Amino acid sequence: MTTLTPQERQDTLSTPTASTAGYPMKRLAQFYIVTGFIALFVGVMIGPLQALNYADVNLYNLPILRNIIKSYYQGLTLHGVLNALVFTQFFISGWMFYMPMRDLKVTPNMKFAWGTYIAMTLGVLIAAVPLLTNKASVLYTFYPPLQGSPLFYIGAALMVACSLLVGGQVVFEWFKWKRAHPKQITPLITYMSVATWMMWILASLGLVAEALILLIPWSLGLVSGIDPLIARTLFWWTGHPIVYFWLLPAYISWYGFMPRQAGGRLASDPLTRLAFAMFLLVSVPVGLHHQYSDPNISGNMKTIHMLLTFMVAVPSLLTAFSVTASLEDGARQRGGGGLVGWIRYLPWKNASFTAQVLAMISFIFGGAGGIVNASAVLDSVVRNTAWIPGHFHITVGTATTLSFMGIALWFIPHLTGKKLFAPKLALFSVWAWFWGMMIFAVGMHWQGLLGVSRRAQISAMAQNIYDNAHVPQVITGISGVVLLVASLAFFTTLFGTLLSKTVSDGEDVKIPWSEAISTHEDSKMARRLEALPALWLAAFVLVGLTYGPVLIPMILGRNLVPGYTNLW
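Analysis parameters
Residues numbered from 1 in each chain as written. Predicted model: local features only at pLDDT ≥ 70, side-chain atom pairs only at ≥ 80, totals over all residues. Heavy atoms only, no water. Helix = DSSP H or I, 4+ residues; strand = E, 2+ residues; numbered from the N terminus. Expected span 1.5 Å × (residues − 1). Buried < 20%, exposed > 50% of the residue type's maximum accessible area, 1.4 Å probe, protein only. Phe/Tyr/Trp six-rings, centres within 6.5 Å; stacked < 30°, edge-to-face > 60°. Lys NZ or Arg CZ within 6 Å of the ring centre and 35° of its normal. Core = buried A, V, L, I, M, F, W, Y, C linked by side-chain atoms within 4.5 Å. Contact = heavy atoms within 4.5 Å. Salt bridge = Lys/Arg side-chain N within 4 Å of Asp/Glu carboxyl O.

A. Up close: helix H4 (residues 72-104). End to end, H4 covers 47 Å across 33 residues, agreeing with the expected 48 Å (1.5 Å per residue, within 8%). When you tally the buried positions in H4, you get 33 out of 33 residues, the bulk of the element. One or two residues past the end of H4 sits lysine 105, with phi positive at roughly 60°.

B. Structural detail: the packing of aromatic side chains. Counted by the stated rule, this structure contains 51 aromatic pairs. Note on phenylalanine 276 and phenylalanine 279: the rings are 6.5 Å apart at their centroids and 70° apart in plane angle, and the pair reads as edge-to-face. One end of the pair, phenylalanine 276, and the other, phenylalanine 279, are both in helix H12 (residues 269-282), three residues apart, so they sit about a helical turn from each other. On the accessibility criterion, phenylalanine 276 (1% relative accessible area) is buried. Positioned above the aromatic ring of tyrosine 143 is the side chain of arginine 232, whose terminal nitrogen or guanidinium carbon lies 4.3 Å from the ring centre. A cation over an aromatic ring shows up here: arginine 273 above the ring of tyrosine 191, its NZ or CZ 5.1 Å from the ring centre.

C. Inspection of the nonpolar core at higher detail. Judged by nonpolar contacts, the single largest core of 183 residues is most densely connected at Phe37, Trp95, Leu327 and Phe411. If you tally residues by element for this core, the top one is H4, at 20 residues. Not counting residues within four places of it along the chain, the set of residues in contact with leucine 327 comprises Met258, Ala262, Trp342, Leu346, Phe353, Val357 and Met360.

D. Examining the pattern of salt bridges more closely. What the rule picks out here adds up to eight salt bridges. Put simply, glutamate 173 and lysine 176 hold a salt bridge, and the shortest N to O gap is 3.7 Å. On the criterion of helical spacing, the pair formed by glutamate 173 and lysine 176 is a turn pair, its members being three residues apart in helix H6 (residues 150-180). A relative accessible area of 37% means that lysine 176 is categorised as partly exposed. With its nearest N and O atoms 2.6 Å apart, the salt bridge here joins lysine 178 to glutamate 530.

Scope: geometric values only; no functional claims are made or implied.
So this is what it looks like as structure tokens:
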């Protein structure tokens, strides 16, 4: 079989041909991506209300808003669910379905694929009814005994189940490819995608069990009560690994496409595979570090989860080294030199590239904050304070979301064949988003260290009890305004591109496949890491060993309580 060079492979995939000009995956991927960004648009429009709340400015009492959002907590739930669940699930399903199929040059069962998209969208619409009518304002974590409408739990469960069907179809097509090419090593983009989907299939089991076994029967009145501790533990089985499900699709772009966008090459293909294999192995049994203060959980098990959480830092550090080396290779090929002087030779005028580099920079601070949160002693200082949403917004809100925004700036033109609308405005939007989130993070982390509570409508208090936090409150309020401007600029670019009638030259924007300096050819490590099913099985066993001793005593001694509804 003839091996193509990366450039020949890119030309084969991106040049108009009878096989690619009408590639059926394009329209489906476009629907997934656009649906996700519509959810993000609604979610981020609520975001400034949250930021201004922490600046002691209450806009929820405005008559125009009270007719739409009944309470601060409804707004907070909409913001969290739309941004962290709906947007990410849809974007990832489009991105991590389309790219491995193109990478393998296969066309999946499109009827099944479209059916999955329709069912996922139906799940969102079902959940939207109670969310919009203030009957499921149970926040992003939906902790019992707060009880939402059963429609919310059913819709959310359907959406998550459909994401598993997307991942299952990718894994199925990979198995078929492996049977047809038994001696070949999986192409890198596909390898990263399959490893991520396998991790998510394992990670999602906790949330699926919580929804199907506990929340839905309880909300329908089929059982008399629910055990909050069991529900919390099952939630965090999924709740922390889902962060890696958000981040790893961004890593796929950082490893697989950004080096070429920078004009260079990926530093090491085998090292990339090692990082994703490590994520598959250790990123699920880490949830108990969110439950350090919960009773009836063994301190030993909490310590084990803490150590496993620290282990996740290893593949992240591998990523930092590898991607930075790749960018340096590109900058030096563009004429850069010196110890750090090469940085200014990177393509900073390319909004797609710049967005992802800024996302990586933000993740440096997010990773440092994550180590604080995962440390049992340090976590006791910041738990349930404004520090937590500050951290969350520079991991998910910046590292993930800004990466997805940057990817969309070339992916949408690729899918539609349309030129990017207002490239300079796009560049402005990603810089404004980055600085807005950095300002927000400073304000919220600072407030957290001063003891300001998270999930609190402090703007509705008769008297601000956090007088010592006046300066970081002002900083947080400023960030909300900056992020509003950034959002409007980005969505003007995005929807301007989608609604544009101007079609670009050629069939589409080329996919920036990256060549590797160190390839998988003749790599013993790359060949050994092909055993993804065995790695998944090992991860499954590890999860059983780390969650079995925790959940079994809880189930045997469960303590049921009734639900509480319409508290706000």
